[in-house]
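Coordinate inspection notes
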Amino acid sequence: IMEVCFSISFVANLIIGGNLVLQGKMSLGDFVAFNGYLTMIWIPIVSIGRVVTMFQRGMASFKRLNEIFDVEPQINDGEKMINTPIKGEIYINDLSFSYPGTQTKVLHNINIEIPKGSTLGIIGRSGSGKSTIVNLLLKLYNVERGKILIDGIDINDYQLKTLREGFGYAPQDNFLFSASIRDNITFFKDTYSDDDIIQATQDSCIHEHIVALDDGFDTVIGERGIDLSGGQKQRISIARAIIRNPAILILDDTLSAVDTITETRILKNLERIRKDKTTIIIAHRITAVQNADKIIVLENGRISEEGTYDELLRKRGTFYEIYLEQVDQAS
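The structure reproduced in this document is the subject of the present report. For every chain, the first residue of its written sequence is number 1, and the numbers climb from 1 along that sequence. Reporting in this predicted model follows two pLDDT cut-offs: at least 70 for local features of residues, and 80 or more for side-chain atom pairs to be given and counted; totals over whole chains, interfaces and linings ignore these cut-offs and use all residues. Note that the side-chain values use all heavy atoms of the structure and ignore hydrogens as well as water.

**Here we look at the overall build of the protein**
Note the following rule: Helix numbers and strand numbers start at the N terminus; a helix is a DSSP run of H or I with at least 4 residues, a strand a run of E with at least 2. The buried label goes to any residue with under 20% of its type's maximum accessible area, the exposed label to any with over 50%, and the partly exposed label to all in between, with areas taken from a 1.4 Å probe on protein chains only. We call two residues in contact whenever any of their non-hydrogen atoms come within 4.5 Å of each other. Note on areas: these come from Shrake-Rupley sampling with a 1.4 Å probe, and a residue is covered only by the protein chains present in the view.
Looking only at helices and strands, the protein has 11 helices and 10 strands in total. Along the three orthogonal principal directions, the C-alpha set of the protein runs to about 110 × 50 × 40 Å. When burial is assessed residue by residue, the protein has 41% of its 331 residues classed as buried. Restricting the contact set of the protein to residue pairs at least 6 apart, pairs at least 24 apart contribute 69%. Carbon together with sulfur atoms contributes 55% to the accessible area of the protein, which is approximately 18,800 Å² in total.

**Focus on the layout of surface pockets**
Worth spelling out the cut-off: Both site types are read off a 1 Å grid over the protein atoms alone. A 1.4 Å probe that fits but cannot get out defines a cavity, while an open set with protein on both sides within 12 Å along at least five of seven lines defines a pocket; lining residues have an atom within 4 Å of a point. Grid points are joined across faces, edges and corners, and a volume is the space filled by probe spheres set on the points. When residues are sorted by character, Ala, Val, Leu, Ile, Met, Phe, Trp, Tyr, Cys and Pro go into the nonpolar class, Asp, Glu, Lys and Arg into the charged class, and all the rest, Gly among them, into the polar class.
The computed volume of the largest pocket comes to approximately 560 Å³. For the lining of the largest pocket, the secondary-structure elements that each account for two or more residues are helix H4 (160-165), strand E6 (167-170), helix H5 (181-186) and helix H8 (230-242). For the lining of the largest pocket, the element with the most residues is E6, which contributes 4 residues. The space that makes up the second largest pocket amounts to roughly 240 Å³. In terms of lining, the second largest pocket is formed by 16 residues, of which the most central are Thr-119, Leu-267, Glu-271, Asn-291 and Ala-292. Secondary-structure elements contributing two or more residues to the lining of the second largest pocket are helix H9 (260-273) and strand E8 (278-283). A per-element tally of the lining of the second largest pocket places H9 first, with 3 residues. Considering only residue class, the lining of the second largest pocket consists of 6 nonpolar, 6 polar and 4 charged.

**A look at the packing of helix H6 (residues 194-203) against H9**
Spelled out, the test is: Angular values range over 0 to 180 degrees, each being the angle between N-to-C directions of two axes fitted as lines to C-alpha atoms, with helices fitted over their stretch in contact. Each angle gets one of four labels, with under 35 degrees taken as roughly parallel, over 145 as roughly antiparallel, 65 to 115 as roughly perpendicular, and the rest as oblique.
Orientation of H6 relative to H9, taken along the N-to-C sense of each, is 130 degrees, at an axis distance of 9 Å. Put simply, H6 runs oblique to H9. Of the residues in H9, those in contact with Gln-199, Gln-202 and Asp-203 of H6 are Ile-266, Asn-269, Arg-272 and Ile-273. Grouping the amino acids of the contact of H6 with H9 by side-chain chemistry returns 2 nonpolar, 3 polar and 2 charged.

**Examining helix H3 (residues 130-137)**
Counted residue by residue, H3 has 7 buried out of 8 residues, so it is predominantly covered. Taken together, the buried positions of H3 are occupied by Lys-130, Thr-132, Ile-133, Val-134, Asn-135, Leu-136 and Leu-137. Count one or two residues on from H3 and you reach Lys-139, which has phi positive near 55 degrees.

**A word on the sheet that holds strand E7 (residues 248-252)**
Filter applied, for reference: We call two strands paired when DSSP finds no fewer than two bridges between them.
The 6 strands lie next to each other as E6-E7-E8-E3-E9-E10, forming an open sheet whose pairing is mixed. The strands lining the two open edges of the sheet, one partner per strand, are E6 and strand E10 (302-307). Strand-to-strand twist of the sheet, defined as the mean angle between neighbouring strand axes without regard to direction, takes the value 15 degrees. In this sheet, E10 lies alongside strand E9 (residues 294-299) in antiparallel orientation, the contact comprising 5 bridges. Looking across to E10, one finds that Ile-295 is bridged to Gly-307.

**What to know about the sheet that holds strand E1 (residues 90-98)**
Spatial ordering of the open sheet is given by E2-E1-E4-E5, a layout of 4 strands whose pairing is antiparallel. Strands at the two margins of the open sheet, each flanked by one partner only, are strand E2 (105-114) and strand E5 (153-154). Note that strand E4 (residues 148-150) and E5 share 2 bridges and pair antiparallel. Pairing of Ile-150 across the sheet is with Ile-153, part of E5.

**Concerning the pattern of salt bridges**
Inclusion rule: A carboxyl oxygen of Asp or Glu within 4 Å of a side-chain nitrogen of Lys or Arg is what we treat as a salt bridge.
Taken as a whole and assessed by the stated rule, the structure comprises 8 salt bridges. A salt bridge links Arg-145 to Asp-157; its shortest N-O distance comes to 3.1 Å. Of this pair, Arg-145 sits in the loop between H3 and E4 while Asp-157 sits in the loop between E5 and H4, and the two are 12 residues apart along the sequence. For Arg-182, the salt bridge is made with Asp-218, and the minimal N-O distance between the two is 3.4 Å. Of this pair, Arg-182 sits in helix H5 while Asp-218 sits in the loop between helix H7 (207-211) and H8, and the two are 36 residues apart along the sequence. One continuous salt-bridge network, built from bridges that share partners, spans Arg-182, Asp-194 and Asp-218.

**What about H6?**
Short version of the rule: Think of the arc as the fan of directions from the helix axis to the C-beta atoms.
The complete set of buried residues in H6 reads Ile-197, Ala-200, Thr-201 and Asp-203. Across the axial projection of H6, the buried residues extend over an arc of 160 degrees, all falling on one side. At its buried positions, H6 is contacted by H5, H7, H8 and H9. One or two positions beyond H6, positive phi appears at Cys-205, with a value near 60 degrees.

**Side note on the nonpolar core**
Heads up, the condition is: In these notes, a set of buried Ala, Val, Leu, Ile, Met, Phe, Trp, Tyr and Cys residues joined through side-chain atoms within 4.5 Å is what counts as a nonpolar core.
Formed by 41 residues in total, the largest nonpolar core has its most connected members in Ile-123, Ile-185, Ile-236, Leu-255, Leu-270, Ile-295 and Phe-319. If you tally residues by element for this core, the top one is H8, at 5 residues. Sequence-distant contacts of Leu-270, that is, excluding residues within four places in its chain, are made with Ile-242, Leu-249 and Leu-251. Core analysis: the next-biggest nonpolar cluster, separate from the first, contains 31 residues, Val-143, Tyr-158, Ala-247 and Ile-296 among them.

**Observations concerning the side chain of Thr-132**
Selection criterion: Identification of polar contacts relies on pairs of N or O atoms within 3.5 Å, with a donor-acceptor requirement for protein atoms, meaning one able to donate a hydrogen and the other able to accept it, and with residues adjacent in sequence counted only if both atoms are side-chain atoms.
Position of Thr-132 among the secondary structure elements: in helix H3. Side chain to side chain, Thr-132 and Tyr-99 meet in a polar contact 2.8 Å long. The residues touching Thr-132, leaving out its near neighbours within four places in the chain, are Phe-97, Tyr-99, Val-106 and Leu-107.

By themselves these figures say nothing about function.
If you want it as structure tokens, here you go:
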């Protein structure tokens, strides 16, 4: 509106002022000077209008943000606010679960016992409920009392910060920031030394690729790691998880884009560094879980089989069928 008004003013000034000059009622110098002053105040007045516009946009955005900030989170700290560091023993008792807003159960009567320091392999076809179990362990969704116990304490009694600090999680969708490789591994924390970073990358078999880059660990990668291959992104994600040396490490199908030789090396490294820690490996590929202390097979949200690698092969059930499928694909 202000710009339109000023434009009209200039046109009116040219018409009226021009006639006054022709009639001799105003000198040409006065007319030019008046136009000069009008031009001088034009820019500050327009700037004030733009500031007002920006302020109004900011207030509108602030209002929308407040609507989000004022929403009460559905996931809260436990009533007892237990902040004892997690050691790694997990017990899941008769767990059934439906996502909020739906009636369809994605998990049915799940019973799992994971002793501290053991490795559990979870395998199953897509949509069988593997990642849902992980989401519940991290308390991304509320769960009934008595269904999940960690170190003998109900998951609903833990302080959220304490609970999640006990986990190291490498998800299926490896999100990498547009930052240096060092920052992506340390998650922008200054608590890790260079030796810690090097050790984590060696254990995840990505160290050689990083040092081969021109800037090494200071190489800036694109958003979501667009400059890296799928396998490299997965290994950086694994390094990010293991550098924390968590009580419970979860690898959610993070070896799918890695070749079998590298996969074997990573699993041997994990076996070495995770002797007294709990590890959960979720995979589609059987080779990723064959050395686990226990393997469970999920099918349509239910545990159809469980046992060691050799025991499941001897049962000749779903696990054996998946094994034959993958052997055929490999050949």
